[in-house]
Amino acid sequence: MDIKKIKTIGELKKNGYQTISVKEELRKNMIEFLRRGKNPFEGIIGYDDTVIPELQTAVLSRHNIILLGLRGQAKSRVARLFINLLDEYVPIIEGSEINDDPFNPISKYAKDILNEFGDNTKIEWLHRSERFTEKLATPDVTVADLIGDVDPIKAASLKLPYSDERVIHFGLIPRSHRGIFVINELPDLQGRIQVALFNILQENDIQIRGFKIRLPLDIQFIFTANPEDYTNRGSIVTPLKDRIDSQILTHYPKSVFISKIITEQEAQLTKEQKEKIIVPDLLKQIIEQIAFEARESEYVDAKSGVSARLTISAFENLVSFAERRRIVNNENQATARISDLVGVIPAITGKIELVYEGEQEGPAKVAQILIGKAIKTVFEQYFPNPEQIKKKQTHNPYAQTVNWFSKGNTVDLLTSMSEKEYSSKLRAIPGLQKIVDEFQPDADESLTLLFMEFIIYGLAEFSMLSKFKLENGIQFRDMLSSMFNNRPDEDFEGDEDSDFFR
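Residues numbered from 1 in each chain as written. Predicted model: local features only at pLDDT ≥ 70, side-chain atom pairs only at ≥ 80, totals over all residues. Heavy atoms only, no water.

A. Spatial organisation of the packing of helix α2 (residues 22–36) against helix α3 (residues 51–60). In the contact formed by α2 and α3, the axes pass within 8 Å of each other and the chain directions differ by 135°. Comparing their axes, α3 and α2 come out oblique. Seen along the crossing, α2 lies across α3 with a hand that is left-handed. Contacts between α2 and α3 pair L26, R27, M30, I31 and L34 from the former with Q56, V59 and L60 from the latter. The residue inventory of the contact of α2 with α3, partitioned by class, reads six nonpolar, one polar and one charged. (Axes fitted to C-alpha atoms, helices over the stretch in contact; angles between N-to-C directions. Helix = DSSP H or I, 4+ residues; strand = E, 2+ residues; numbered from the N terminus. Parallel < 35°, antiparallel > 145°, perpendicular 65-115°, else oblique. Left-handed = near helix turned anticlockwise from the far one by under 90°. Contact = heavy atoms within 4.5 Å. Nonpolar A, V, L, I, M, F, W, Y, C, P; charged D, E, K, R; others polar.)

B. Up close: the pattern of salt bridges. Tallied over the entire structure, the rule returns 19 salt bridges. Among the salt bridges present, the one from R325 reaches D340, with a minimum N-O distance of 2.7 Å. In this pair, R325 is assigned in helix α16 (residues 309–328) and D340 in the loop between β11 (334–335) and α17 (345–349), connecting sequence segments 15 residues apart. Each member of the pair, R325 together with D340, is buried. The residue E445 makes a salt bridge to R427 at a minimum N-O spacing of 2.7 Å. Remark: R427 occurs in helix α22 (residues 419–427) and E445 occurs in helix α24 (residues 445–461); sequence separation between them is 18 residues. Overlapping salt bridges, with partners in common, bring together E272, K276 and R326 in one network. (Salt bridge = Lys/Arg side-chain N within 4 Å of Asp/Glu carboxyl O. Buried < 20%, exposed > 50% of the residue type's maximum accessible area, 1.4 Å probe, protein only.)

C. Seen up close, the pairing of strand β14 (residues 473–478). Buried residues dominate β14, accounting for six of its six residues. Here strand β12 (residues 411–414) runs beside β14; their pairing, made up of four bridges, is antiparallel. Residue pairing for β14: L413 is matched across the bridge by I474. Judged from the six bridges that link them, strand β13 (residues 465–470) and β14 form a sheet pairing that is antiparallel. Of the residues in β14, the one forming a bridge with K467 is F476. Remark: two residues form the turn of the hairpin made by β13 and β14, two consecutive strands paired antiparallel. (Pairing = 2+ DSSP bridges.)

D. Seen up close, the sheet that holds strand β4 (residues 132–136). Pairing is parallel in the open sheet, where five strands are placed in the order β4-β7-β8-β1-β9. Of all the strands in the sheet, the pair left with one neighbour each is β4 and β9 (246–249). Averaged over all pairs of adjacent strands, the angle between strand axes in this sheet comes to 20°, irrespective of strand direction. Both β4 and strand β7 (residues 179–184) contribute to a ladder of five bridges, which runs parallel. When the bridges of β7 are listed, L136 appears paired with N184. In the packing of α3 onto the sheet, contacts are made with β1 (65–68) and β9, and the angle to β9 comes to roughly 170°.

E. A look at the sheet that holds β13. Strand order in the open sheet formed by three strands is β12-β14-β13, with antiparallel pairing between adjacent strands. Taken across any chain shown, the strands that pair with only one partner, and hence form the sheet edges, are β12 and β13. Put simply, the sheet's adjacent strands are angled 25° from each other on average, direction ignored. Against the sheet, helix α21 (residues 399–406) touches β12, β13 and β14, its axis set at about 95° to β14.

F. Up close: the environment of D340. A residue is classified by how much of its surface remains accessible, and D340, at 0% relative accessible area, is buried. On a C-alpha basis, the gap between D340 and F321 in space is 6.3 Å, while along the polypeptide they are 19 residues apart. In this view, D340 contacts L318, F321, A322, R325, T335 and T415; residues no more than four positions away in its chain are not counted.

G. Up close: the pairing of β9. Side chains S246 and I248 project from β9 onto a buried face, and the interleaved Q247 and L249 project onto a face without burial. Pairing of β1 with β9, which is carried by four bridges, proceeds in the parallel orientation. Considered in β9, the bridge of L67 is made with I248.

H. Focus on the nonpolar core. The biggest cluster of nonpolar side chains holds 71 residues, and the ones touching the most others in it are I338, L341, I352 and F454. If one sorts the elements of this core by residue count, α24 sits on top with ten residues. Apart from residues no more than four positions distant in its own chain, I352 is found in contact with R71, A294, V300, V306, L310, V366 and L370. Core analysis: the next-biggest nonpolar cluster, separate from the first, contains 31 residues, V141, F221, F223 and I244 among them. (Core = buried A, V, L, I, M, F, W, Y, C linked by side-chain atoms within 4.5 Å.)

Now the structure itself:
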């Protein structure tokens, strides 16, 4: 039967419909999800063994929840997915401002209507999407916004005294009755506003001005907070924190593999970009490694965190940088290159908070350092560590290439080079092809070129070669000759936008 065809309380009773509290509703549906082996938090990756089991436990315990974690850890997204645990439709008394339960009305309006019409009282069906309310906590939020206040205009238009309950204008929380209410960034809420939440959490009750009314609200509360907010912008007052039943800690992806899946899921690429721009797995690894390096960097404020949005934006920029080159060179398809990583710098600089040492270096320079470290870390997953080879004095696969540069040869890798020029430049360097053939024998033509470029960048990061910024690219040289032969205008040590990835 289509329950939406039920139009009155009498019909609701005949059909044996029973209402339950929102926490019981969430618990009931969570049990059903668990029995079927399904996940109501679909799209949340990397929390399968940590956060999600704790969320499931909190729902089964009928708890109000606070999600505590650094920025970019999907706290808000998790909170929004709680909507999947609500019934598709629930009945309310028609015209009710606060979603009155037909069998348990709490507002004066609903009680009066029920007394007048009895079983003929009309009902309407509220979809789950209308039972979710989200509020970003800001310093200007007032008690009236959240709970309510006297409405002088309503009092005047209805010719009612201020002592009449009907002059109350209900805030967001009463209007979320029988639903989910989310407050993001809870510490940003002023202390006195947090105090106003005490009674709601403890007694499911609200107080507005001097009215002697009791509204036993039925709400699932979910809060989010950043631990850093406790010291930077505000704090959660202790009595309120004590009344939040379950505190669940979120975290960043624990591996590059998980991080890569998240980035690919969240990146907003056009159909044309997906079809015409190829991003090899090597570059995806480097993009993710940048965030891991940033979270460990002495230049970046660890307490502030490094959002997952950094890698998502960086990936989008990488694709767009390669796309721009494809369009400029009038090519049908393009493969992203190591040199395209210069295009991700703007995505990094706006998403990291620097400590004093980082501020001294400058955001662009720090971004270049992070990219360089990421290249160095990933390099060892594909090729032998040049430093270890030097220490052990074993066969050096890089010797031919390094010797070629030591004879005064240089290579300019420009960001706008066509595929033909790119291939010609790399294949002119002795020894590169041999290294790829030895350690990555399954690489196809396109991937072989990328690995050849990667080796050049890797050797520079391991101080086997040096690299310098050109107008629109990078020049690679021998390390020793660069140290002795630099002209004053080529020494970029003090220039934060020079030496691209160092």
